[in-house]
Amino acid sequence: MTTAPKAFLIGHPVAHSRSPMMHGHWLKTLGLPGSYEKIDVAPEKLAEFFSSFDEAGWAGGNVTVPHKVDVIPFLDRITEAAEAMGAVNTIWREGDQLVGSNTDASGFMGNLDDLAPGWDASSKKALIIGAGGAARAAAYGLKERGLSVDLCNRTAAKAEELAAHFGAMSGHGLDALPALMRETDLLVNTTSLGMSGKPPLEIDLSPLKPGAIVYDVVYVPLETDILKDAAARGHRTVTGLGMLLHQAVEGFGHWFGQTPQVTEELRALLIDDIRKETPA
Ligand code: ATR
């Protein structure tokens, strides 16, 4: 008798993750057997978790803070995306090997493809604000798709460092934004500015090239002020929630054997949950 595949989310803490809601929805709507469970693994218990991996019968799972780098020694191989991101967020089995990947860049790109179809026909240059983890995912994903990428960050040195890490990119301070905005086809905010409870992202969009798309990875609120401003100026906009939804697709496919769709129904489920936490 074969047992239903089991997937995990390990982190410390793991309480606030919306991943169980997404994977649970897909299992239910696709009618697939399987489970997805949150497991709080303290850093000193990580080795123990992996030593009992086979015995526990895991198909794989997701990895969140603080384990995204520390899981790497327990894996047989990591993908090019995980290598580029320097972190693993998804683990699956390939034969008798444990493979670690990072799906943040494919989530970022999947959301862009979904919400701005055809964007790549006219987009050559991207401008990313920020230089943290989300900037890294955006820069890697956009570079892979052949765009030339500039990064602007409050701490210019961090943008320069990230640009050098990927090569063929340039890093700047925020003072370079207006000049770069005149040339860009895709402006991306990857900082947490504009998120509920954080200061606003204060940038003047008037220099932005006409026809440029504006993408904000922040999804609480679902539509940030910068996106409202961009839409009012006639730019196409891309909201951030879909990045969370699309980054989950690849793992689910590996663990449960079917590639799920990011549907309006799933989006509505998550929106409902976010609204409960942050009443408008
Ligand atoms: P994540 O991993 O989610 O991308 P992060 O690594 O904390 O988050 O990155 C946060 C980003 O927001 C950084 O680029 C940060 O700029 P610094 O590198 O200068 O810290 C940017 N950021 C945060 N607060 C900011 C502020 N008040 N003004 C401008 N940039 C800010």
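Keep in mind it's a predicted model, so treat the numbers as computed, not measured.

1. Some details on the overall build of the protein
Here is step 1 of the chain: Along the protein, the regular secondary structure elements total 12 helices and 12 strands.
Here is step 2 of the chain: In terms of overall dimensions, the protein is globule-like: its C-alpha atoms have a radius of gyration of 19 Å, near the 19 Å expected for 280 residues.
Here is step 3 of the chain: Across its three principal axes, the protein shows a C-alpha extent of roughly 65 × 40 × 35 Å.
Here is step 4 of the chain: In the protein, once contacts between residues fewer than 6 apart in sequence are set aside, the share between residues at least 24 apart is 66%.
Here is step 5 of the chain: When the accessible surface of the protein is split by element, carbon and sulfur atoms take 52% of a total near 13,100 Å².
Here is step 6 of the chain: Between the mean site of the 24 positive side-chain charges and the mean site of the 35 negative ones, the protein shows a separation of 4 Å.

2. Some remarks on the domain arrangement of the protein
Here is step 1 of the chain: Once the domains are mapped, the protein shows domain 1 (6-103 + 248-277) and domain 2 (106-242).
Here is step 2 of the chain: Taken over C-alpha atoms, the centre of domain 1 sits 26 Å from the centre of domain 2.
Here is step 3 of the chain: Carbon and sulfur atoms supply 60% of the area buried between domain 1 and domain 2, which totals about 1,100 Å² over both sides.
Here is step 4 of the chain: For domain 1, the biggest contributors to the area lost against domain 2 are M85, R267 and I274; these three give 46% of the whole.

3. Overview of the sheet that holds strand β2 (residues 35-40)
Here is step 1 of the chain: An order of β2-β1-β3-β5-β6-β4 is seen for the 6 strands of this open sheet, with the pairing classed as mixed. Because the sheet does not close on itself, it has two edges, and the strands there are β2 and β4 (77-78).
Here is step 2 of the chain: Where strand β1 (residues 6-11) and strand β3 (residues 58-63) come together, 5 bridges link them in parallel fashion. Its bridge partner lying in β3, I10 is registered against V63.
Here is step 3 of the chain: Sheet strands touched by helix α1 (residues 19-30): β2 and β3. Its angle to β2, the strand with the most contacts, is close to 165°.

4. Remarks on the environment of E264
Here is step 1 of the chain: For E264, the position within the fold is in helix α12 (residues 264-277).
Here is step 2 of the chain: The class of E264 is exposed, set by a relative accessible area of 61%.
Here is step 3 of the chain: It is 27 Å that separates the C-alpha atoms of E264 and G60, two residues lying 204 residues apart in sequence.

5. Remarks on the packing of helix α5 (residues 104-115) against helix α6 (residues 133-144)
Here is step 1 of the chain: It is the contact of α5 with α6, at a shortest axis distance of 8 Å, that shows an interaxial angle of 65°. Put simply, α5 runs roughly perpendicular to α6. Viewed along their axes, α5 and α6 form a crossing whose handedness is right-handed. Note on element contacts: α6 touches α5 through A137, A138, Y140, G141 and L142, opposite D104, A105, F108, M109 and L112.

6. Describing the site of the ligand
Here is step 1 of the chain: Taken together, the residues surrounding the ligand are G130, A131, G132, G133, A134, N153, R154, T155, K158, T190, T191 and L193.
Here is step 2 of the chain: Within the contact set of the ligand, an oxygen atom lies 2.9 Å away from a backbone nitrogen or oxygen of G133.
Here is step 3 of the chain: Between the ligand and the protein, one listed contact pairs an oxygen atom with a side-chain N or O atom of T155 at 2.5 Å.
Here is step 4 of the chain: The cavity where the ligand resides is the largest pocket.
Here is step 5 of the chain: Along the lines of polarity and charge, the residues of the shell around the ligand split into 3 nonpolar, 7 polar and 2 charged.

7. What about the packing of aromatic side chains?
Here is step 1 of the chain: Inspection of the entire model under this criterion finds 14 aromatic pairs.
Here is step 2 of the chain: Aromatic pair F108 and Y215: ring centres 4.3 Å apart, planes at 5°, arrangement stacked. Within this pair, whereas F108 is found in helix α5, its partner Y215 is found in strand β11 (residues 213-216), the two being separated by 107 residues in sequence. This pair shows no difference in class: F108 is buried, exactly as Y215 is.
Here is step 3 of the chain: Taken together, a centroid distance of 6.0 Å and an interplanar angle of 85° make the contact between W255 and F256 edge-to-face.
Here is step 4 of the chain: On the accessibility criterion, W255 (4% relative accessible area) is buried.
Here is step 5 of the chain: For F256, a relative accessible area of 8% gives the class buried.
Here is step 6 of the chain: Grouped by ring-pair contacts, the aromatic residues F8, F49, F50, F53, W58 and F74 constitute a single cluster.
Here is step 7 of the chain: One residue, K6, lies across the ring of W58, its end atom 4.5 Å from the ring centre.

Parameters at a glance
Residues numbered from 1 in each chain as written. Predicted model: local features only at pLDDT ≥ 70, side-chain atom pairs only at ≥ 80, totals over all residues. Heavy atoms only, no water. Helix = DSSP H or I, 4+ residues; strand = E, 2+ residues; numbered from the N terminus. Rg over C-alpha atoms; globule rule 2.2 N^0.38 Å. Contact = heavy atoms within 4.5 Å. Areas by Shrake-Rupley, 256 points an atom, 1.4 Å probe, with all protein chains shown as cover. Lys, Arg positive; Asp, Glu negative; His and termini not counted. Charge placed at Lys NZ, Arg CZ, Asp CG, Glu CD. Domains from an automatic or database assignment. Buried area = accessible area lost by both parts, 1.4 Å probe. Pairing = 2+ DSSP bridges. Axes fitted to C-alpha atoms, helices over the stretch in contact; angles between N-to-C directions. Buried < 20%, exposed > 50% of the residue type's maximum accessible area, 1.4 Å probe, protein only. Parallel < 35°, antiparallel > 145°, perpendicular 65-115°, else oblique. Left-handed = near helix turned anticlockwise from the far one by under 90°. Near = heavy atom within 4 Å. Polar contact = N/O pair within 3.5 Å; in protein donor to acceptor, adjacent residues only side chain to side chain. 1 Å grid on protein atoms, 1.4 Å probe; cavity = no way out; pocket = protein on both sides within 12 Å on 5 of 7 lines; lining within 4 Å. Sits in = over half its atoms within 2 Å of the grid points. Nonpolar A, V, L, I, M, F, W, Y, C, P; charged D, E, K, R; others polar. Phe/Tyr/Trp six-rings, centres within 6.5 Å; stacked < 30°, edge-to-face > 60°. Lys NZ or Arg CZ within 6 Å of the ring centre and 35° of its normal.

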